[in-house]
Amino acid sequence: MRTVEWDSTKNCIRMIDQRLLPGRFVQVEFTDYQQAANSIRDMVVRGAPAIGATAAFALALAARQSKADSINAFKNEIESASRVILNARPTAVNLAWAVSRLLTKMQESKAQDPGQIKEVLLLEAQRIAEEDIETNLRMAEHGAKLIDDGDTIIHHCNTGALATVDWGTALGVIRLAHEQGKRVRVLVDETRPRLQGARLTAWELERYGIPYDIISDNAAGYFLRNGAVQKVFFGADRIAANGDVANKIGTYMLSLAAFDNHVPAFCVAPVSTIDYELANGSLIPIEERSMDEVLNIQAGGEAIAPKGATARNPAFDVTPNRLIRGIVTEKCVVYPPFEKGLKEIHKL
Ligand code: MRU
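Residues numbered from 1 in each chain as written. Predicted model: local features only at pLDDT ≥ 70, side-chain atom pairs only at ≥ 80, totals over all residues. Heavy atoms only, no water.

### Things to note about the site of the ligand
Thinking step 1. By nearness alone, 18 residues border the ligand, and Arg46, Arg89, Asp237, Asn247 and Lys248 come closest of all.
Thinking step 2. Side-chain polar atom of Arg46 to an oxygen atom of the ligand: 2.8 Å apart, as the coordinates give it.
Thinking step 3. Here an oxygen atom of the ligand and a side-chain polar atom of Lys248 are 2.8 Å apart.
Thinking step 4. Considered on its own, the ligand offers 410 Å² of accessible surface; in the complex 100% of this is hidden by protein.
Thinking step 5. In a pocket analysis with a 2 Å cut-off to the grid points, the ligand is assigned to the largest cavity.
Thinking step 6. Elements supplying a minimum of two residues to the shell around the ligand: helix H2 (48-65) and strand E9 (245-248).
Thinking step 7. Classifying every residue of the shell around the ligand gives seven nonpolar, seven polar and four charged. (Near = heavy atom within 4 Å. Polar contact = N/O pair within 3.5 Å; in protein donor to acceptor, adjacent residues only side chain to side chain. Areas by Shrake-Rupley, 256 points an atom, 1.4 Å probe, with all protein chains shown as cover. 1 Å grid on protein atoms, 1.4 Å probe; cavity = no way out; pocket = protein on both sides within 12 Å on 5 of 7 lines; lining within 4 Å. Sits in = over half its atoms within 2 Å of the grid points. Helix = DSSP H or I, 4+ residues; strand = E, 2+ residues; numbered from the N terminus. Nonpolar A, V, L, I, M, F, W, Y, C, P; charged D, E, K, R; others polar.)

### A look at the nonpolar core
Nonpolar side chains in soluble globular proteins tend to end up buried together.
Thinking step 1. Ile13, Leu59, Ile78, Ile85 and Leu95 are the most contacted members of the largest nonpolar core, which has 47 residues in total.
Thinking step 2. Listing elements by their share of this core, those giving two or more residues are strand E1 (4-7), strand E2 (12-16), helix H1 (33-41), H2, helix H3 (71-86), helix H4 (93-108) and helix H5 (114-144).
Thinking step 3. The element that contributes the greatest number of residues to this core is H2, accounting for 13 residues.
Thinking step 4. Beyond its immediate stretch of four places on either side in the chain, Leu59 contacts Ile78, Ala81, Ser82, Ile85, Val99, Leu102 and Leu103. (Core = buried A, V, L, I, M, F, W, Y, C linked by side-chain atoms within 4.5 Å. Buried < 20%, exposed > 50% of the residue type's maximum accessible area, 1.4 Å probe, protein only. Contact = heavy atoms within 4.5 Å.)

### Quick notes on the side chain of Asn296
Thinking step 1. Among the secondary structure elements, Asn296 is positioned in the loop between helix H10 (292-295) and strand E12 (316-319).
Thinking step 2. Given a relative accessible area of 13%, Asn296 falls into the buried group.
Thinking step 3. In this structure the side chain of Asn296 is engaged in a polar contact, spanning 3.0 Å, whose partner is the backbone oxygen of Asp292.
Thinking step 4. Once residues within four sequence positions are removed from consideration, Asn296 is found in contact with Arg192, Gly301, Glu302, Ala303 and Ile304.

### Re the environment of Leu121
Thinking step 1. Looking at the secondary structure, you find Leu121 in helix H5.
Thinking step 2. Taking the C-alpha atoms as reference points, Leu121 and Leu187, 66 residues apart in sequence, are found 41 Å from one another.
Thinking step 3. With residues up to four places along the chain from it excluded, the contact list for Leu121 reads Ala60, Ala63, Ile78, Leu102 and Met106.

### A closer look at the pairing of strand E5 (residues 185-189)
Thinking step 1. The element E5 is largely enclosed, with a buried count of four among its five residues.
Thinking step 2. Pairing of strand E4 (residues 152-155) with E5 involves four bridges; the strand directions are parallel. By the bridge assignment for E5, Thr152 is matched with Arg185.
Thinking step 3. In this fold, the crossover linking E4 to E5 by way of helix H6 (residues 170-179) has right-handed handedness. (Pairing = 2+ DSSP bridges. Right-handed = clockwise from strand over helix to strand, strands pointing away.)

### What to know about the environment of Ile304
Thinking step 1. Tracing the chain through its elements places Ile304 in the loop between H10 and E12.
Thinking step 2. The partly exposed category is assigned to Ile304, whose relative accessible area is 46%.
Thinking step 3. In this structure, the C-alpha to C-alpha distance between Ile304 and Val294, residues ten residues apart in sequence, is 8.4 Å.
Thinking step 4. Excluding residues within four positions of it along the chain, Ile304 makes contact with Arg192, Val294, Leu295, Asn296 and Ile297.

### What about a nonpolar patch on the surface?
Thinking step 1. Taken together, the side chains of Tyr252, Met253 and Leu256 define a hydrophobic patch exposed on the protein surface, amounting to about 280 Å² of accessible area.
Thinking step 2. Relative to the helices and strands, Tyr252 resides in helix H9 (residues 251-260). (Patch = residues over 30% accessible without salt bridge, like charges linked within 9 Å, V, L, I, M, F, W, Y side chains within 5 Å. Salt bridge = Lys/Arg side-chain N within 4 Å of Asp/Glu carboxyl O.)

### Focus: the packing of H4 against H5
Thinking step 1. For the pair H4 and H5, the least separation of the axes is 9 Å and the interaxial angle reads 145°. By crossing handedness, the relation of H4 to H5 is classed as right-handed. Of H5, the residues touching H4 (which contributes Trp97, Ala98, Arg101, Leu102, Lys105 and Met106) are Ile117, Val120, Leu121, Glu124, Ala125, Arg127, Ile128 and Glu131.
Thinking step 2. Residues that form the contact of H4 with H5 fall into these classes: nine nonpolar, no polar and five charged. (Axes fitted to C-alpha atoms, helices over the stretch in contact; angles between N-to-C directions. Left-handed = near helix turned anticlockwise from the far one by under 90°.)

By themselves, these observations are geometric and do not establish any function.
What follows is the structure, given as structure tokens:
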């Protein structure tokens, strides 16, 4: 089952409502592109590649909704819808990448009939979703070679099937290593404040039959220092041209502790997550979300701080490239110096 998909019978986007997992498995459908954009903002769907595919389907939906009868009016509507979608979340570059792929298709099309361009946009969105799965499988093949039989791995956030259209990035690597018969155990960072690790990664690992233990994020340093961990794996929301990685908040502290204890930290991400326009990680926009996510156990749930308490809630941080042993992409594993390596794979 896919995290996000297009239903061509109902002409709608269908996605798993990740806010309700692991308690309830519910799929929701959207026929309005603004609602689809809200589903990204509200984290019904989350994870950089899944956000990218959703954004593409949302723009295809905006095209279907358009009543414009002239080609220029239609194109203007699509461009304004693209701005709404782009504003949903700022850090994952896959969102902008997917929207720009569709806009380029629209601009290149010689069609003078909006109906034809609607088809072109939907086809491109479907292609993005299909490619995501193939890309993940290729990354898994490269990445699984880095995992040895008997490894215990710390994994941060959720980077599995739920964070992509299917299969996953960093968790996809671990999943393939497990399927290859390697005995792996995962220490699952719970990933405060949204608990993507405890709620979503653990849910996936249960389904795959991979042994795991959930740890509080604060415990990662303890396990890295006492020799219990052989590798650290995480995904990325945006990688700068020099290999600095923006990923879920806490990735930086985890990578520091791994580096200090000579445990290799690997980032797994598709080439679409590399932002060649940004020279280094300090230029990556970091989303700051509502303080409610920190002040309550779950959004709208039990408060864990006194009334009137305030909080800060950056959703991502940047791990400098020097703390990362390798970046696994669908093309190959890139090793330092990253600036050179990432430039080379751009040409492949
Ligand atoms: O806020 P989220 O849940 O969208 O953040 C997700 C992450 O940080 C993932 O690690 C990243 O998107 C890579 S997932 C394939």
